[in-house]
Amino acid sequence: HHYFPTARLAFTHIPKTGGESFERMVHSGSSGKQLPPLKICNPFESTQCAGRRKCIVGHDPAAMRLGHDDARYKGCNMVMSQDASVATSRPSMKMMAGTELMTIVRNPIFHVRSMWMHCQQVGANGARLHHYSPISFEDWVMNFSALQSQDATSAATSPFKWGRHCGYDPRNKQAHLLGDDAEDAMRHVEQAAWVGVTEEFTASLCVLRAVLAARPELAEGTNTSWPEPFVCSCEAATPPGDAAPATHGTHPENTQISGTVLAAVRSMTRVDQLVHATAMARLGRELRALNLTCLLTK
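All residue numbers here refer to positions counted from 1 along the written sequence of the relevant chain. Thresholds applied to this predicted model are a pLDDT of at least 70 for local features of residues and 80 or more for the giving and counting of side-chain atom pairs; totals over whole chains, interfaces and linings are not thresholded and use all residues. As a rule here, side-chain values cover all heavy atoms of the structure and leave hydrogens and water aside.

Participant: What is the right way to read the pattern of salt bridges from this model?
Facilitator: Proximity of charged atoms lets side chains of opposite charge pair with each other. Note on definitions: salt bridges are taken to be side-chain nitrogens of Lys or Arg within 4 Å of carboxyl oxygens of Asp or Glu. Inspection of the entire model under this criterion finds five salt bridges. In this structure, Arg285 engages Glu190 in a salt bridge whose closest nitrogen and oxygen atoms are separated by 3.0 Å. Residue Arg285 is found in helix 13 (residues 270–289), and its partner Glu190 is found in helix 10 (residues 182–191); the two are separated by 95 residues along the sequence. Strands here mean DSSP runs of E at least two residues long; helices mean DSSP runs of H or I at least four residues long; both are numbered from the N terminus.

Written out as structure tokens, the structure reads:
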């Protein structure tokens with residue numbers, strides 16, 4: 001609030017869940033077709049980030065100050081953070097005091113696969129930018145699975161140096177960013193202003209429209225108007241415009257998951273599975289209240 005006094009919402013982007021696509025949709029102005037106006041205080045792609053990806057509330061006051069001094073971001077109502085924890089005990093949560101959390105979560109099986117694809121598939125953004133050492137999906141997962149069962153000393157001396165292959169640690173990645181433990185993470189999912197689900201992106205956006213339309217105070221003090229939002233229905237769920245998450249050069253159809261690998265992924269994402277199930281249950285309740293369960297793909 002020191003930099004952006006009109007901010008009422010704090011969106012925390014869990015990598016590989018569709019958060020960057022959501023940010024681009026809002027920042028490009030297409031949100032006017034899809035959502036009541038949201039104005040981002042610190043767009044990832046703005047000059048304030050100085051070419052860096054981590055332009056994070058609570059982590060880079062200098063970048064935040066640049067955004068604060070830029071007239072383009074006056075009267076904004078949503079701060080964005082990427083790969084920053086909102087665990088209750090951590091500084092970033094204190095920085096976001098007075099705002100309400102928004103985030104997107106993903107089925108952990110697809111989430112783990114997406115992290116590997118980002119770093120390892122030919123043509124994918126992560127592989128193209130960072131030139132990681134190659135490793136198969138099976139070897140990547142099984143090495144992390146081995147680390148999971150080791151004590152801290154053994155893990156520290158393991159020959160598997162995962163940062164050489166990918167910048168992401170897939171072990172309960174979502175829960176780690178959403179809380180100190182499983183209970184804290186699920187509490188944040190339940191209490192957030194909005195939680196989207198990647199594989200139910202259209203339905204999630206419809207719930208967000210309803211949330212924002214019912215709470216005009218979220219635009220108080222901003223320079224945005226608050227027109228009547230697009231009304232979702234089973235016949236017309238999504239207005240014109242691209243409302244699907246970007247793939248960033250990855251090709252899921254080229255990565256098969258064997259039973260052994262699937263079991264290992266499930267073992268290392270037990271808490272993430274609870275987080276995802278909590279988000280899905282919440283989404284189901286919200287859609288039932290809107291008579292829009294028809295939008296669920298399952």
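On we go.
Participant: What is the right way to read the sheet that holds strand 2 (residues 78–82) from this model?
Facilitator: Strands belonging to one sheet form pairs held by backbone hydrogen bonds; the direction of such a pair is parallel or antiparallel. When DSSP finds two or more bridges between a pair of strands, those strands are recorded as paired. A sheet is described by the order of its strands in space; here four strands give the open sequence 2-1-3-4, paired in parallel fashion. Because the sheet does not close on itself, it has two edges, and the strands there are strand 2 and strand 4 (194–197). Taken pair by pair, the neighbouring strands of this sheet meet at an average axis angle of 20°, ignoring direction. Pairing analysis gives four bridges linking strand 3 (residues 100–105) to strand 4, with the strands arranged parallel. Looking across to strand 4, one finds that Val105 is bridged to Val197. The axes used here are C-alpha line fits, helices contributing only the stretch in contact, and every angle between their N-to-C directions lies in the interval 0 to 180 degrees.

Participant: Got a minute to help me understand the nonpolar core in this structure?
Facilitator: In globular proteins that are soluble, nonpolar side chains generally tend to be buried together. In this description, a nonpolar core means a group of buried Ala, Val, Leu, Ile, Met, Phe, Trp, Tyr and Cys residues linked to one another through side-chain atoms lying within 4.5 Å. Buried means the residue's accessible area, taken with a 1.4 Å probe over protein chains only, is under 20% of the maximum for its type, while exposed means over 50%, and partly exposed covers the values in between. Core analysis: the largest hydrophobic core is formed by 41 residues, its most contacted members being Phe22, Met78 and Met102. Among the elements that make up this core, the one with the highest residue count is helix 11 (residues 201–213) (eight residues). Only heavy atoms enter the contact rule, under which two residues are in contact if any of them lie within 4.5 Å. Contact partners of Met78, with chain neighbours within four places excluded, come to Leu9, Phe11, Phe22, Val26, Leu38, Lys39, Ile40, Cys41, Asn42 and Met102. Membership of the second largest hydrophobic core comes to 19 residues, among which are Val112, Met115, Trp116 and Phe160.

Participant: Please clarify how helix 12 (residues 259–268) should be interpreted in this entry.
Facilitator: The periodicity of an α-helix, 3.6 residues per turn, causes residues three or four positions apart to be oriented the same way. Within helix 12, burial applies to Val261, Ala264, Val265 and Met268. Looking straight down helix 12, one finds its buried side chains confined to an arc of 100°; they lie on one side. Lining the buried residues of helix 12 we find helix 5 (108–120), helix 7 (137–148) and helix 13. Each direction from the helix axis to a C-beta atom contributes to the arc, which is the arc of those directions.

Participant: Before we go on, may I ask you to explain the pairing of strand 2 in this structure?
Facilitator: Looking along a regular strand, one sees the side chains alternate between the two faces of the sheet. With five of five residues buried, strand 2 lies mostly within the body of the structure. Taking every second residue as pointing to the same face, both faces of strand 2 are buried, with Met78, Met80 and Gln82 on one and Val79 and Ser81 on the other. Alignment of strand 1 (residues 9–13) against strand 2, held across five bridges, turns out to be parallel. Counted as the bridge partner of Thr12 is Ser81 from strand 2.

Participant: Sorry if this is basic, but what is going on with the packing of helix 7 against helix 12 here?
Facilitator: Angle between the axes and distance between the axes: these two values describe a pair of packed helices. Where helix 7 contacts helix 12, the axes come no closer than 9 Å and their chain directions differ by 40°. Taken together, the axes of helix 7 and helix 12 are oblique relative to one another. In the packing of helix 7 onto helix 12, the handedness of the crossing is left-handed. Only Thr260, Val261, Ala264, Val265, Ser267 and Met268 of helix 12 make contact with helix 7, whose side of the interface consists of Phe137, Glu138, Val141, Met142, Phe144, Ser145 and Gln148. A class-by-class count of the residues in the contact of helix 7 with helix 12 yields eight nonpolar, four polar and one charged. Each angle receives one of four descriptions, namely roughly parallel if under 35 degrees, roughly antiparallel if over 145, roughly perpendicular if within 65 to 115, and oblique otherwise. Handedness of a helix crossing follows the sense of rotation of the near helix relative to the far helix, less than a right angle counterclockwise being left-handed and clockwise being right-handed. Under the convention adopted here, Pro, Cys and the residues Ala, Val, Leu, Ile, Met, Phe, Trp and Tyr are nonpolar, Asp, Glu, Lys and Arg are charged, and Gly plus all remaining residues are polar.

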